Amino acid sequence: MKLIVGNLKMYFDGSEIVNYLNCVKFNDNVIILPSSIHIPYFLNKGFNVGVQNIGLFNVTGEISALQVKNLGVSYVLLGHSERRNIENNGYVNLKVKESLENGLNVILCVGESLDERNNNLTKDVIKRQLDECLNGIDESVIIAYEPVWAIGTGIVPSNDEISDIVCFIKNLYPYRVLYGGSVNYNNIAELEKCNVLDGYLIGKSSSIISDFNGIIDCVYKK
Ligand code: PGA
């Protein structure tokens, strides 16, 4: 079964959550990444939950992998492009190790910037991200291919482009690969024709109940 991961970032201020919890048509393959302070609401409703990040050191304001695991959360998103300006591959590698050691399922984001794409560096960049972030790790992770230029822009690569990169990734690391970057209710049917994908990582559209439910219906063919 494909995975649908909803990255809620900081979209909800608080009051919208009750409606969201009551209306989203989740199942075991839908994983929600809420703001950490909202996680207990989602757990109590029976959602499969992940965190958007973990902290490595015992410093103020961070959340550890062990705390996350002990709360009943099973997934962690690492290497998201919105964090990569403060976290290099080596740092992400430490977080992947720490997460796996604490029994969390890792969703590791990789993807090229527009500049890198324009300079034909996409595969070099992705290989380096994977090799460095997964250095010394034998356990499998879930990889999310998210071209940085597709995140929040409404622009999505063609299915051929996605297939090319996803196959490239799977040849290097035989793991499940999700696509992320401007997935929405209007393009999900087309993306579903891409038969190498194991699911989706969805930002903005996962915060809009009708869009997210439409995506869930489309992927699970209800
Ligand atoms: P988007 O975000 O779906 O809003 O493009 C994806 C992400 O940042 O993971």
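Residue numbering note: each chain is counted from 1, following its sequence as written. The predicted origin of the model limits local features to residues at a pLDDT of at least 70 and limits the giving and counting of side-chain atom pairs to 80 or more, whereas totals for whole chains, interfaces and linings rest on all residues. Side-chain calculation: all heavy atoms of the structure are included, whereas hydrogens and water are not.

Draft legend 1. Seen up close, the pattern of salt bridges. A pair is scored as a salt bridge if a Lys or Arg side-chain nitrogen falls within 4 Å of a carboxyl oxygen belonging to Asp or Glu. Going through the model one piece at a time under the given rule, you end up with eleven salt bridges. With a shortest N-O distance of 2.8 Å, Glu82 and Lys9 are connected by a salt bridge. A residue pair is termed long-range when its members are at least 10 positions apart, and Glu82 in the loop between β4 (75-78) and α4 (89-101) and Lys9 in the loop between β1 (3-7) and α1 (17-23) qualify at 73 residues. Residues Asp164 and Lys123 are paired through a salt bridge, measuring 3.2 Å at the closest nitrogen-oxygen approach. Of this pair, Asp164 sits in helix α7 (residues 159-172) while Lys123 sits in helix α6 (residues 122-133), and the two are 41 residues apart along the sequence. The exposure class assigned to Asp164 is partly exposed, which follows from its relative accessible area of 39%. For Lys123, a relative accessible area of 31% puts it in the partly exposed group. Taken together, the shared-partner salt bridges in this structure form one network comprising Lys2, Glu192 and Lys221. Only DSSP runs of H or I covering at least 4 residues are called helices, and only runs of E covering at least 2 are called strands; the numbering of each starts at the N terminus. Each residue is assigned to one of three classes by its accessible area relative to the maximum for its type, calculated with a 1.4 Å probe on protein chains only: buried under 20%, partly exposed between the two thresholds, exposed over 50%.

Draft legend 2. Here's a closer look at the site of the ligand. Being near a molecule or strand, for a residue, means having at least one of its heavy atoms within 4 Å of it. As a structural note, the neighbourhood of the ligand is formed by 13 residues, with Lys9, His80, Glu146, Gly152 and Ser182 the closest of them. Contacts to the ligand include Asn7, whose side-chain N or O atom sits 3.4 Å from an oxygen atom. His80 places a side-chain nitrogen or oxygen 2.7 Å from an oxygen atom of the ligand. For every accessible area listed, the method is Shrake-Rupley and the probe measures 1.4 Å; residues are considered covered only by the protein chains on display. For the ligand, whose accessible area on its own is 280 Å², the fraction buried by protein is 97%. Taken together, the residues that form the shell around the ligand break down as four nonpolar, six polar and three charged. By the criterion applied in these results, polar contacts are pairs of N or O atoms within 3.5 Å in which, for protein atoms, one can donate a hydrogen and the other can accept it, and in which residues neighboring in sequence qualify only through two side-chain atoms. When residues are sorted by character, Ala, Val, Leu, Ile, Met, Phe, Trp, Tyr, Cys and Pro go into the nonpolar class, Asp, Glu, Lys and Arg into the charged class, and all the rest, Gly among them, into the polar class.

Draft legend 3. Here's a closer look at the pairing of strand β2 (residues 30-33). Taking every second residue as pointing to the same face, both faces of β2 are buried, with Val30 and Ile32 on one and Ile31 and Leu33 on the other. Bridge count for β1 against β2 is four bridges, and the pairing is parallel. When the bridges of β2 are listed, Val5 appears paired with Ile31. Throughout, right-handed denotes a crossover for which the path from the first strand over the helix to the second runs clockwise when the strands point away from the viewer. The β-α-β motif built from β1, the intervening α1 and the parallel element β2 has right-handed crossover chirality. Relative to strand β3 (residues 48-51), β2 is paired through two bridges, and the arrangement is parallel. Bridging across to β3, Ile32 finds its partner in Val49. Any two strands are treated as partners once DSSP identifies two or more bridges connecting them.

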